[in-house]
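In case you want the letters, here they are:
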Amino acid sequence: MRERAQRSREPGGPRPATLDELLPRVARGDETAFEQLYRHLSAPIFGLVQRILRDPAQSEEVAQEVFLELWRSATRYSPERGSVLSWAMTIAHRKSVDRVRSAQASTDRDSRVARAETARPFDEVTEVVAGRMEREQVRRCLGTLTELQRESVMLAYYQGYTYREVAHLLDSPLGTVKTRLRDGLIRLRDCMGVTA
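Quantities reported herein were computed from a predicted structural model and do not represent experimental measurements.

*Asks:* In this structure, what is going on with the packing of helix α7 (residues 147-158) against helix α8 (residues 163-170)? I would like to understand it.
*Replies:* Each pair of packed helices can be summarised by the angle the axes make with each other and by the distance between the axes. With their axes 10 Å apart at the nearest point, α7 and α8 run at an angle of 135° to one another. On the basis of their axis angle, the class for α7 and α8 is oblique. As α7 packs across α8, the resulting crossing turns out to be right-handed. Along the contact surface, α7 presents Glu151, Ser152, Leu155, Ala156 and Tyr157, while α8 presents Tyr163, Val166, Leu169 and Leu170. Its residues assigned to classes, the contact of α7 with α8 shows seven nonpolar, one polar and one charged.

*Asks:* Explain a nonpolar patch on the surface to me, please; I cannot follow it from the model alone.
*Replies:* On the surface, Met154, Tyr157, Tyr158, Tyr163 and Leu185 cluster together to form a nonpolar patch covering roughly 460 Å² of accessible area. Sort the elements by how many residues they give to the nonpolar patch and α7 lands first, with three residues. With relative accessibility at 31%, the residue Met154 sits in the partly exposed group.

*Asks:* Whenever I open this one, the packing of aromatic side chains confuses me. Can you help?
*Replies:* Any two aromatic rings considered together are summarised by their centre-to-centre distance and by the angle between their planes. On inspection of all chains with the given rule, the structure shows four aromatic pairs. Ring centres 6.4 Å apart and planes at 85° place the aromatic pair Phe34 and Phe67 in the edge-to-face group. Taken together, the residues Phe34 in helix α3 (residues 31-53) and Phe67 in helix α4 (residues 56-73) connect sequence positions 33 residues apart. The exposure class of Phe34 is buried, given its relative accessible area of 18%. For Phe67, a relative accessible area of 6% corresponds to the buried category. Aromatic side chains Tyr77 and Trp87 sit 5.3 Å apart centroid to centroid with 55° between the ring planes, which places their arrangement in the tilted category. A residue pair is termed long-range when its members are at least 10 positions apart, and Tyr77 in the loop between α4 and α5 (84-118) and Trp87 in helix α5 qualify at 10 residues. Of the two residues examined, Tyr77 and Trp87, each falls in the buried class. Taken together, the ring pairs in this structure connect Phe34, Tyr38, Phe67 and Trp71 into an aromatic cluster.

*Asks:* Honestly, the state of the cysteines in this entry has me stumped. Any pointers?
*Replies:* Cysteine pairs can be covalently joined through their sulfur atoms, and such a bond is termed a disulfide. For the coordinates displayed, the defined rule picks out one disulfide. A sulfur-sulfur separation of 2.1 Å characterises the disulfide bridge that pairs Cys141 with Cys191. The sign of the -80° torsion about the S-S bond sets the Cys141-Cys191 disulfide as left-handed. Of this pair, Cys141 sits in helix α6 (residues 124-142) while Cys191 is found in helix α9 (residues 174-192), placing the two residues 50 residues apart along the sequence.

What counts, and where the lines are drawn
Residues numbered from 1 in each chain as written. Predicted model: local features only at pLDDT ≥ 70, side-chain atom pairs only at ≥ 80, totals over all residues. Heavy atoms only, no water. Axes fitted to C-alpha atoms, helices over the stretch in contact; angles between N-to-C directions. Helix = DSSP H or I, 4+ residues; strand = E, 2+ residues; numbered from the N terminus. Parallel < 35°, antiparallel > 145°, perpendicular 65-115°, else oblique. Left-handed = near helix turned anticlockwise from the far one by under 90°. Contact = heavy atoms within 4.5 Å. Nonpolar A, V, L, I, M, F, W, Y, C, P; charged D, E, K, R; others polar. Patch = residues over 30% accessible without salt bridge, like charges linked within 9 Å, V, L, I, M, F, W, Y side chains within 5 Å. Areas by Shrake-Rupley, 256 points an atom, 1.4 Å probe, with all protein chains shown as cover. Salt bridge = Lys/Arg side-chain N within 4 Å of Asp/Glu carboxyl O. Buried < 20%, exposed > 50% of the residue type's maximum accessible area, 1.4 Å probe, protein only. Phe/Tyr/Trp six-rings, centres within 6.5 Å; stacked < 30°, edge-to-face > 60°. Disulfide = S-S within 2.5 Å.

Structural data, given as structure tokens:
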């Protein structure tokens, strides 16, 4: 065994096959040629993948995917478009970048889900109770207004009339209605404890 290895290194021994010779054999399904191709390309491909991914376990996985792709797509290689090494390195680069993008998308998705889960859920019962309490307070405070103020506020804010329409409905001058509304709103604000 040792003698055979030494003979192959001797100047007269058989020369190792080049990548250009190996790839057509790989395309025909020659597993021995694929082993030799692997020996030629494993270091440069793994090095490129690891420089991009920086994670040894992920790099091994992606390098394996690259060699699987080389095995499957060897028939599509065209020497006119570049060398076997550049073709293989292009596949390695593409697969590595795809893995980085996939990992980033997964991280972004997890972040969005985490942010959505930290938002406090809407408590419908609390909202209904708070709304009822506010309405009751408004009713109580409306009771503290004079009849003219209450009537002006009710027409303008609960029935949607403009100041001019309220003045027409109450048969009062516009300035008087505006004064009633302003005074009524001030009293409501004070009654409800709203600070300006």
